[in-house]
Amino acid sequence: LLLFLPERSNLAGVRHILLVLSGKGGVGKSTISTELALSLRHSGKKVGILDVDLCGPSIPRMFRVQDNDVHQCDSGWVPVFADQDKSISLMSIGFLLEKPDDAVVWRGPKKNALIKQFVADVAWGDLDFLIVDTPPGTSDEHISTVEALRPYKPLGAILVTTPQAVSVGDVRRELTFCKKTGLRVLGIVENMSGFVCPRCSECTNIFSKGGGEELAKHAGVPFLGSVPLDPQLSQSLEEGRDFIREFPKSSAFPALTHIAQQILDGTLQQSS
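Quick caveat: nothing in here was measured; it's all calculated off a predicted structure.

Asks: Just to check I follow, could you spell out the packing of aromatic side chains for this structure?
Replies: Each aromatic ring pair is characterised by the separation of its centres together with the angle its planes make. For the coordinates displayed, the defined rule picks out two aromatic pairs. With 5.8 Å between their ring centres and 70° between their planes, Trp 77 and Phe 118 make a pair best called edge-to-face. You can see Trp 77 sitting in strand β4 (residues 76-78) and its partner Phe 118 sitting in helix α3 (residues 108-121), a full 41 residues away along the chain. A relative accessible area of 11% means that Trp 77 is categorised as buried. Classification of Phe 118 as buried rests on a relative accessible area of 0%.

Asks: I keep staring at unusual backbone geometry and nothing clicks. Help me out?
Replies: Across the chain, the bulk of peptide bonds are trans and the bulk of non-glycine residues have phi less than zero. Backbone geometry places Lys 86, a non-glycine residue, at a positive phi of 55°. Looking at where Lys 86 falls in the secondary structure, it is placed in the loop between β5 (80-81) and β6 (88-92). Despite not being glycine, Lys 153 shows a phi value in the positive range, around 50°. Positionally, Lys 153 belongs in the loop between α4 (140-149) and β8 (156-161). Judged by relative accessible area, which is 68%, Lys 153 ranks as exposed.

Asks: How do you make sense of the pattern of salt bridges when you look at a structure like this?
Replies: A side chain with one charge may pair with a side chain of the opposite charge, provided their charged atoms come close. Tallied over the full model, the rule gives nine salt bridges. Taking the shortest distance from any N to any O, the salt bridge between Asp 83 and Arg 41 comes out at 2.4 Å. Taken together, the residues Asp 83 in the loop between β5 and β6 and Arg 41 in helix α1 (residues 29-42) connect sequence positions 42 residues apart. Of the two residues, Asp 83 and Arg 41, neither departs from the other in class, the shared state being buried.

Asks: Help me understand α4, please; the structure alone is not making it clear to me.
Replies: Since there are 3.6 residues in each turn of an α-helix, residues three or four apart along the chain are aligned in direction. In terms of burial, α4 is largely enclosed, as seven of its 10 residues are buried. For α4, the full list of buried residues reads Glu 141, His 142, Ser 144, Thr 145, Val 146, Ala 148 and Leu 149. For α4, the secondary structure elements touched by its buried residues are β1 (14-21), α3, β7 (127-133) and α5 (165-181).

Asks: When you look at the environment of Ala 82 in this model, what are you seeing that I'm missing?
Replies: Note that Ala 82 resides in the loop between β5 and β6. With a relative accessible area of 25%, Ala 82 lands in the partly exposed category. Distance in space between the C-alpha atoms of Ala 82 and Arg 64 is 8.0 Å, their sequence separation being 18 residues. Those residues in contact with Ala 82 that lie beyond four places of it in its chain are Phe 63, Val 65, Ile 88 and Leu 90.

Conventions and cut-offs
- Residues numbered from 1 in each chain as written.
- Predicted model: local features only at pLDDT ≥ 70, side-chain atom pairs only at ≥ 80, totals over all residues.
- Heavy atoms only, no water.
- Phe/Tyr/Trp six-rings, centres within 6.5 Å; stacked < 30°, edge-to-face > 60°.
- Helix = DSSP H or I, 4+ residues; strand = E, 2+ residues; numbered from the N terminus.
- Buried < 20%, exposed > 50% of the residue type's maximum accessible area, 1.4 Å probe, protein only.
- Salt bridge = Lys/Arg side-chain N within 4 Å of Asp/Glu carboxyl O.
- Contact = heavy atoms within 4.5 Å.

Shown next, in the form of structure tokens:
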């Protein structure tokens, strides 16, 4: 009988898997992934981030661990830990490149093979949340990621947009992708939603306003919130600092913690 028992999967200890998607590049998927991980960690959760953006891996830099190496253990690759108490663990192709400036010039099959390996061979241990940071679009990497994760029943996807019509249009296509692949949409986040002046606190809508909320209403999915442009947020990401702990008075803080709280509330409702 023992012969037929499946080997324990490396994702067996992961309670919830979230994908962060967008049809558009440069809208802040890695920013939202990073701050969501930090917010969940501050709520006492253990979090992993799997960076499947193979051509533009920015997660290692955002946690200031870009010089770390990945090591092998009996059950696969050991993720890189972002903090002393190992409450945030990371895996990215950025850790596997010989030089940080190396370009990944790969065709689809090689990318797909690495994504499958990332899903199967990273020894995450016990995690409350695994956040999957994806490249822009709806192509090979996305299909491979969704198919490889399907047996583990992902919680769903968070879609990130900026307020302009051109970005909202691309994210609309991402909604169609989710529908076609059977991936539940947890909600839409509008990033770079206005600039709050640090002197007078007035909000200026640099990239128009409200596109993400309108799209959510039109598609019948939750709107998780608007994250304003915030120099302190940019600075903390550049320097690999913990924005959620260090800048609780900044304009982006309430928006980011509210998004994390909605994800936590959603998982509580699901398990009750």
